[in-house]
Amino acid sequence: RAWGGAHFGAGSGRVWLDEVQCSGNELTLDQCPKAAWGEHNCQHTEDAGVSCTPLTDGSVRLAGKRGSSEGKLEVFYRGQWGTVCKDGWIPANTQVVCRQLGYRSGESLPPEGGRFPAGSGPILLDNVICTGKEPALSVCSRGAWLRHDCSPQEDVNIRCLGKLTHSPSVPLRLTGGETSREGRVEVYLHGLWGTVCDDGWTDRDAEVVCRQLGYSGVAKARMMAYFGEGEGPIHVDNVKCSGEEHSLVDCLKQPTGTHNCRHSEDAGVICDYGQSQNSIKEIKEGWSSVCGVRLVHTRQRRIIGGENSLRGRLALAGSGPSQRVSWRWKAGVWSYAYQLVLDPYLSPLL
């Protein structure tokens, strides 16, 4: 949490920074937009402060006598640890918990008397059902916090297997899409945002990217600068994920900055694929008033890139009285693909 007004007391010495405006993706404060070092119009009564809380609601741990890899499952909520009831507990739930704790897989353990100590806090969750793709247990389908019909004898016990050795995660973002859940994949390395080359880019890679960004639905990979060409360095090439990794950096098979690509090969993803997309009403109505043009509905596709959603270049293909127009648009909108069929009496005028 950010604090202003010298919340922790006024400092002494020089005021070094002012007008700091971070996006949250920077690795250090020095990378944030700000005034020049030492330039300010402040007094120490305006000194900034922060408070850091290492535990957030939904954090998990395994409480037991045999180390952190097995024990009674506990969840953190509003300042206290509590247990999870095993009603409806399925193997996919266990996989989500173990992956959240940094393990490759896991298994549920029977409630053997005395093996693990009884939970000391409240029963926080019940009726949890995960698909196995979620980044954390708290985003799985579940009952409301603290609502249950269980006893402490029904606590979930888990053993996690295969500790993962993660590289430090790096910030990711999606750009060029119509919504926040789709776009060109960009990675923040060495103080610069850069792109990912699509060599070997698959849905498994997209799954890891989307999970790292907090999405749990179906993930789809997009290639060949589907969301438009990026700028700056190409940081990553030849990504190879199994789909189970914690973050994209766990899938890197060669040093960053090494590639044989151009920005025309920038990789993209669509997270939560198949969920509701933008309406196409505006696109249909926009062309319905163009004389000599009719829309022929084909199938769902995507028009990509470009400065905005309704600018581009049309290129005529084929010959004859009913010429078909091939789209050279780079837009970035979800639509249903329509073919423009020119009226045969008007085609000589084009």
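In what follows, the structure referred to is the one given above.
Treat the numbers as computed from the prediction; the structure is a model and nothing was measured. In this numbering scheme, every chain counts its residues from 1 along its sequence in written order. Local features in this predicted model are restricted to residues whose pLDDT is 70 or higher, and side-chain atom pairs enter the listing and the counts only when it is 80 or higher, whereas totals over whole chains, interfaces and linings include all residues. Note that water and hydrogens are dropped before the side-chain values are worked out from all heavy atoms of the structure.

1. Looking at the nonpolar core
Here's step 1: Residues V196, W201, V209, V239, L248 and V269 are the most contacted members of the largest nonpolar core, which totals 24 residues.
Here's step 2: At the level of secondary structure, the elements contributing two or more residues to this core comprise β9 (172-176), β10 (182-189) and α2 (203-212).
Here's step 3: A run of H or I in DSSP counts as a helix once it spans at least four residues, and a run of E counts as a strand once it spans at least two, with each numbered from the N terminus. If one sorts the elements of this core by residue count, α2 sits on top with 4 residues.
Here's step 4: Apart from the residues within four sequence positions on either side, L248 is in contact with L172, V187, V196, W201, V208, V209, Q212, V239 and C241.
Here's step 5: The definition of a nonpolar core used throughout is a set of buried Ala, Val, Leu, Ile, Met, Phe, Trp, Tyr and Cys residues joined through side-chain atoms within 4.5 Å. Only protein chains enter the accessibility calculation, which uses a 1.4 Å probe; a residue is then buried when its area is under 20% of its type maximum, exposed when over 50%, and partly exposed in between. Formed by 21 residues, the second largest nonpolar core is a distinct cluster that contains L73, V97, L137 and I158. Any pair of residues with heavy atoms lying within 4.5 Å of one another is described as a contacting pair.

2. Quick notes on the packing of aromatic side chains
Here's step 1: Aromatic pairs are defined between Phe, Tyr and Trp rings, using the six-membered ring for Trp, whenever the two ring centres lie within 6.5 Å; interplanar angles under 30 degrees are classed as stacked, those over 60 as edge-to-face, and all others as tilted. This model, assessed by the stated rule, comprises 5 aromatic pairs.
Here's step 2: Measuring from ring centre to ring centre gives 6.5 Å for W16 and W37, while their planes differ by 65 degrees; the resulting arrangement is edge-to-face. Note that W16 is positioned in the loop between β1 (2-3) and β2 (49-50) and W37 in the loop between β1 and β2, a separation of 21 residues in sequence.
Here's step 3: Residue W16 is classed as partly exposed on the basis of its relative accessible area of 45%.
Here's step 4: Plain terms: the ring middles of Y77 and W145 are 4.1 Å apart, the flat faces sit at 5 degrees to each other, and that makes the pair stacked. Pair noted here: Y77 is in strand β4 (residues 70-77) and W145 is in the loop between β7 (123-125) and β8 (157-163), with a separation of 68 residues, a long-range link. Here Y77 matches W145 in class, with each residue buried.

3. Comments concerning the side chain of D155
Here's step 1: Within the fold, D155 resides in the loop between β7 and β8.
Here's step 2: Throughout this description, a polar contact denotes any pair of N or O atoms lying within 3.5 Å of each other; where both atoms belong to protein, one of them has to be capable of donating a hydrogen while the other can accept it, and for residues adjacent in sequence the pair is counted only when both atoms sit in side chains. Engagement of the side chain of D155 in a polar contact is seen with the side chain of T83, the distance being 3.0 Å.

4. Section: the state of the cysteines
Here's step 1: To count as a disulfide, a pair of cysteine sulfur atoms needs to be within 2.5 Å. Tallied over the entire structure, the rule returns 7 disulfides.
Here's step 2: C197 shares a disulfide with C261; S-S distance 1.9 Å. Residues C197 and C261 share a disulfide whose torsion about the S-S bond is about -85 degrees; that sign makes it left-handed. One end of the pair, C197, is in the loop between β11 (192-196) and α2; the other, C261, is in the loop between β13 (234-236) and β14 (268-270), with 64 residues separating them in the sequence.
Here's step 3: By relative accessible area, which is 1% here, C197 ends up buried.

5. Remarks on the pairing of strand β5 (residues 80-84)
Within a regular strand, the side chains alternate between the two sheet faces.
Here's step 1: With respect to burial, β5 is a largely interior element, 4 of its 5 residues being buried.
Here's step 2: By this definition, two strands are paired if DSSP reports at least two bridges between them. Where β4 folds back onto β5 in an antiparallel hairpin, the turn is made up of 2 residues, including R78, whose phi is positive at roughly 50 degrees.
Here's step 3: Here β5 pairs with β7 via 2 bridges, running parallel. Looking across to β7, one finds that T83 is bridged to I123.

6. Overview of the environment of K72
Here's step 1: Counting through the fold element by element, K72 comes out in strand β4.
Here's step 2: Note on K72: relative accessible area 6%, which makes it buried.

7. Points about the pattern of salt bridges
Here's step 1: Between Lys or Arg on one side and Asp or Glu on the other, a salt bridge is scored when a side-chain nitrogen of the former is within 4 Å of a carboxyl oxygen of the latter. Summed over the entire model, instances satisfying the criterion amount to 9 salt bridges.
Here's step 2: Here E74 makes a salt bridge to R61, at a shortest N to O gap of 2.8 Å. Taken together, the residues span a long stretch of sequence, with E74 in strand β4 and R61 in strand β3 (residues 60-63) at a distance of 13 residues.
Here's step 3: On the basis of relative accessible area, R61 is assigned to the partly exposed category, the value being 34%.
Here's step 4: Linking E207 and R211 is a salt bridge whose minimum nitrogen-to-oxygen distance equals 3.1 Å. Of this pair, E207 and R211 both sit in helix α2, 4 residues apart, roughly one helical turn.
Here's step 5: According to the relative accessible area criterion, E207 is buried, its value standing at 19%.
Here's step 6: Residues participating in the shared-partner salt-bridge network are E70, E107 and R159.

8. Quick notes on α2
Here's step 1: The buried fraction of α2 amounts to 7 of the 10 residues, a majority that puts the element mostly inside the structure.
Here's step 2: For α2, the full list of buried residues reads D205, A206, E207, V208, V209, C210 and R211.
Here's step 3: On its buried face, α2 sits against α1 (91-100), β9, β10, β12 (220-222) and β14.
Here's step 4: Positive phi shows up at G214, right after α2, with a value of about 100 degrees.

9. Concerning the environment of I123
Here's step 1: Take I123: it is sitting in strand β7.
Here's step 2: We classify I123 as buried; its relative accessible area is 10%.
Here's step 3: Placed 48 residues apart in sequence, I123 and V75 show a C-alpha to C-alpha distance of 9.1 Å.
Here's step 4: Every residue in contact with I123, bar those within four places of it in the chain, is listed here: T83, C85, L146, H148, C150, S151, P152 and D155.

10. Looking at the pairing of β10
Here's step 1: The buried count for β10 comes to 8 of 8 residues, which makes it a mostly enclosed element.
Here's step 2: Across 5 bridges, the pairing between β9 and β10 is antiparallel. From the neighbouring strand, G176 faces β10, where its bridge partner is G183.
Here's step 3: As consecutive antiparallel partners, β9 and β10 are separated by 5 residues.
Here's step 4: Taken together, the 3 bridges between β10 and β14 define a ladder with antiparallel strand orientation. In the sheet register, R184 faces β14, and the bridge partner there is G268.
Here's step 5: Direction of pairing for β10 relative to β11: antiparallel, over a ladder of 4 bridges. Residue pairing in the sheet places L189 in a bridge with L192 of β11.

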